[in-house]
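A closer look at the structure
These are the residues of each chain, in order.
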Amino acid sequence: MAKNTPDFVLRPFEGLPGEPDWVALRELVPAATATARTTAEHGARDVVVTTVLPNSWAALHRTDGVVLVALQTGTSSGDASHDVATALLLALDAEPGTAIETIGLPTPGPRLQDVLDLSVPFEVTVQESFAYWLDPSTDVTPDLQAALEEADAGIIDTRRLAAAESAYWCRMGAREYLRWAQPADEQVVLDGLSRLHARRESGFDDAKFIGYFRAAGIVVPVWELARGSEADDVEKPLAAFVPRLEAAMADDTPLDANARRARAGLVARQVTLR
């Protein structure tokens, strides 16, 4: 029998520029936009990749012609890249002012890696409001303003840090965290973290390494920061820590007994998102 759904893909965004940021926008960041452009075959159109759209729409062709496609939507197949590409192509073909609410049952088709110009950087802007959903010329009525304020109230304070690629500071309740999506192979990242953890060097400044989770096939280590830490407070100590982690991940010698125990503890506590 012919297969009519895409196979499961462990790392659906692998091969895209800024893969860890694609994962972060899908799994970690509440409100953000990023740049992308389709290939010449698909019109060389600039598009806005975003975290979420109203009513969990898959995509939106705004009345001013801007096309937005969301990452935080339900997966219809085993390949998120295929599903997002499907929504994007539907939005590109739709009339301005049209929302792509769902993409329906999955069928074979191109992936983002086929649809997007891979030479265009994936530049992320963390947003403090969902006002970017709207055409700037939209008349914001009191009801619309109230709806936006209600949506904005759920945004967790988040900042993208400059000291490391795909590293995000966030405040959740009374606590602050660093969540740093890693592009390297999972085993390489875990071995590096285990070496540092065994030497009690997995933290930095007042930041405590508390574990990691796996999202879209990559590893996202998490540090709990000193209470009240702002994003700017993390930049300098993180910049100093980056070479230590890179060196630990570049070390390909076998783990010693302490590092193996540390690794077993990390793996036992890891959580998989989606």
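Our subject is the structure that appears above.
Just so it is clear, the structure is predicted and the values come from calculations on it, not from any experiment.

Okay, the overall build of the protein next. Helix and strand counts for the protein stand at seven helices and twelve strands. Taken over the C-alpha trace, the protein has a radius of gyration of 20 Å; the compact-globule value for 274 residues is 19 Å, and the two agree within 12%. In terms of its C-alpha atoms, the protein occupies a principal-axis envelope of roughly 60 × 55 × 30 Å. Across the 274 residues in the protein, those meeting the buried criterion constitute 47%.

Attention now moves to the packing of helix 5 (residues 186-198) against helix 7 (residues 257-269). Where helix 5 contacts helix 7, the two axes come as close as 8 Å, and the packing angle between them is 120°. Viewed along their axes, helix 5 and helix 7 adopt a mutual orientation that is oblique. Handedness of the helix 5/helix 7 crossing: right-handed. Counting all contacts with helix 5, which are made through Gln 187, Leu 190, Asp 191, Leu 193, Ser 194, Arg 195, His 197 and Ala 198, the residues of helix 7 involved are Asn 258, Ala 259, Ala 262, Arg 263, Leu 266 and Val 267. By residue class, the composition of the contact of helix 5 with helix 7 is seven nonpolar, four polar and three charged.

Moving on: the nonpolar core. Ranked by size, the top nonpolar core spans 44 residues in total, and within it Phe 13, Trp 22, Leu 25, Val 49, Leu 88, Leu 112 and Leu 116 carry the most contacts. When residues of this core are assigned to their parent elements, the largest contribution, eight residues, is made by helix 2 (residues 80-93). The contacts of Val 49, once residues within four sequence positions are left out, are Trp 22, Leu 25, Ala 32, Thr 33, Ala 34, Ala 36, Val 69, Leu 71 and Phe 122. Formed by 26 residues, the second largest nonpolar core is a distinct cluster that contains Ala 167, Leu 178, Val 189 and Val 219.

A few words on the pattern of salt bridges. For the coordinates displayed, the defined rule picks out 17 salt bridges. Asp 157 is the partner of Arg 159 in a salt bridge, and the nearest nitrogen-oxygen pair spans 2.6 Å. The exposure class assigned to Arg 159 is partly exposed, which follows from its relative accessible area of 31%. Residue class for Asp 157 comes out partly exposed when judged on its relative accessible area of 27%.

In this section: a negative patch on the surface. Where like charges cluster on the molecular surface, the negative patch consists of Asp 205, Asp 206, Asp 232 and Asp 233. In this structure, Asp 232 sits in helix 6 (residues 231-250). Judged by its relative accessible area of 67%, Asp 232 is exposed.

Before going further, it helps to spend a moment on the pairing of strand 8 (residues 167-172). Bridge count between strand 7 (residues 158-160) and strand 8: three bridges; the pairing is antiparallel. Along strand 8, the bridge assignment pairs Arg 159 with Trp 169. Hairpin connection, strand 7 to strand 8: the antiparallel pair is bridged by six residues, and Ser 166 has positive phi, about 60°. Where strand 8 lies against strand 9 (residues 175-180), six bridges are found, and the strand directions are antiparallel. Counted as the bridge partner of Arg 171 is Glu 176 from strand 9. In this structure, the hairpin formed by strand 8 and strand 9 is closed by a connection of two residues, where Gly 173 is found at a positive phi of approximately 65°.

Procedures and definitions
- Residues numbered from 1 in each chain as written.
- Predicted model: local features only at pLDDT ≥ 70, side-chain atom pairs only at ≥ 80, totals over all residues.
- Heavy atoms only, no water.
- Helix = DSSP H or I, 4+ residues; strand = E, 2+ residues; numbered from the N terminus.
- Rg over C-alpha atoms; globule rule 2.2 N^0.38 Å.
- Buried < 20%, exposed > 50% of the residue type's maximum accessible area, 1.4 Å probe, protein only.
- Axes fitted to C-alpha atoms, helices over the stretch in contact; angles between N-to-C directions.
- Parallel < 35°, antiparallel > 145°, perpendicular 65-115°, else oblique.
- Left-handed = near helix turned anticlockwise from the far one by under 90°.
- Contact = heavy atoms within 4.5 Å.
- Nonpolar A, V, L, I, M, F, W, Y, C, P; charged D, E, K, R; others polar.
- Core = buried A, V, L, I, M, F, W, Y, C linked by side-chain atoms within 4.5 Å.
- Salt bridge = Lys/Arg side-chain N within 4 Å of Asp/Glu carboxyl O.
- Patch = residues over 30% accessible without salt bridge, like charges linked within 9 Å, V, L, I, M, F, W, Y side chains within 5 Å.
- Areas by Shrake-Rupley, 256 points an atom, 1.4 Å probe, with all protein chains shown as cover.
- Lys, Arg positive; Asp, Glu negative; His and termini not counted.
- Charge placed at Lys NZ, Arg CZ, Asp CG, Glu CD.
- Pairing = 2+ DSSP bridges.

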